[in-house]
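# Descriptive analysis of the structure
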Amino acid sequence: MNNMTYKLSFALAAAVIMMVSSTVAYPNKPSFLGCTSSDDCEVDECCVLGMMRYSVPVCKRLGDEGETCRPRGDDVPQNTTVHYPDGSSAQLNVHMVVCPCATGLECSDGMACIGLDGAGKLVLREDYTDVDELNQLRRRR
C-alpha cells in the first residue's frame, strides 16, 4: 500500500467513524414531536409534556384566569430526554402537564391562575419582562 492510498483509507475510515458516532450521540428529532421547547411555540403558548408513557410534547396556551397551574418555582421548564418505541429520542426543555399562567396572572395557593391587582390580562410568554413595553401594551388595549 503506498503512502497516498494509506492516507486516503485513513481519512475515509475517520469520516465513517465520526458519522456513526455523531448519529449515536445526537439522534434525529422524531418528526412527530410538536415542540422541543417553548421557543417552538407561539408567544402565548408553552411546550408541555404529559405524564403518560410515550407522551408527545405539544404547544398549549398559557394559563388563563381560573385555569389549573403549578405554584411559583414548580412552573419552570424541565430538561428531560424522551425515548419512543421506534428507537427515536429527543432532548426537551418543557413544562410538565400545564403551562404557567399568562403574564398579568399568578398561580394561587389553590393552583389556579388569578389576576394580579392592577394588572391587565396580557397573553405573553412567561419570560417577557420588559415592564415599560408591558405598560405600553396595556394602554393600547
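Residues numbered from 1 in each chain as written. Predicted model: local features only at pLDDT ≥ 70, side-chain atom pairs only at ≥ 80, totals over all residues. Heavy atoms only, no water.

- The name an unreviewed UniProt entry gives the protein chain is Astakine, with Sipha flava as the organism.

### With respect to the sheet that holds strand β2 (residues 58–61)
- Reading across from one edge, β2-β1-β4-β3 is the order of the four strands in this open sheet, with mixed pairing throughout. Two strands close off the open sheet at either side, each with one partner strand: β2 and β3 (78–83). Strand-to-strand, the axes of this sheet are offset by a mean angle of 55 degrees, without reference to chain direction.
- Across six bridges, β3 lies against strand β4 (residues 89–96) in antiparallel orientation. For H83, the partnering residue across the bridge sits in β4 and is S89. (Pairing = 2+ DSSP bridges. Helix = DSSP H or I, 4+ residues; strand = E, 2+ residues; numbered from the N terminus. Axes fitted to C-alpha atoms, helices over the stretch in contact; angles between N-to-C directions.)

### Looking at the side chain of D75
- Here D75 lies in the loop between β2 and β3.
- For D75, the contacting residues outside a window of four places in its chain are R70, H95 and P100. (Contact = heavy atoms within 4.5 Å.)

### Regarding the state of the cysteines
- The full count for this structure, using the stated rule, is five disulfides.
- A disulfide bridge connects C69 with C107, and the sulfur atoms are separated by 2.0 Å. Here C69 and C107 share a disulfide; its torsion about the S-S bond, 90 degrees, makes the bridge right-handed. Here C69 is found in the loop between β2 and β3, whereas its partner C107 is found in strand β5 (residues 105–107), with 38 residues between them in sequence.
- Sequence-ordered numbering of the bonded cysteines in the protein chain gives a disulfide pattern of 1-4, 2-5, 3-7, 6-9, 8-10. (Disulfide = S-S within 2.5 Å.)

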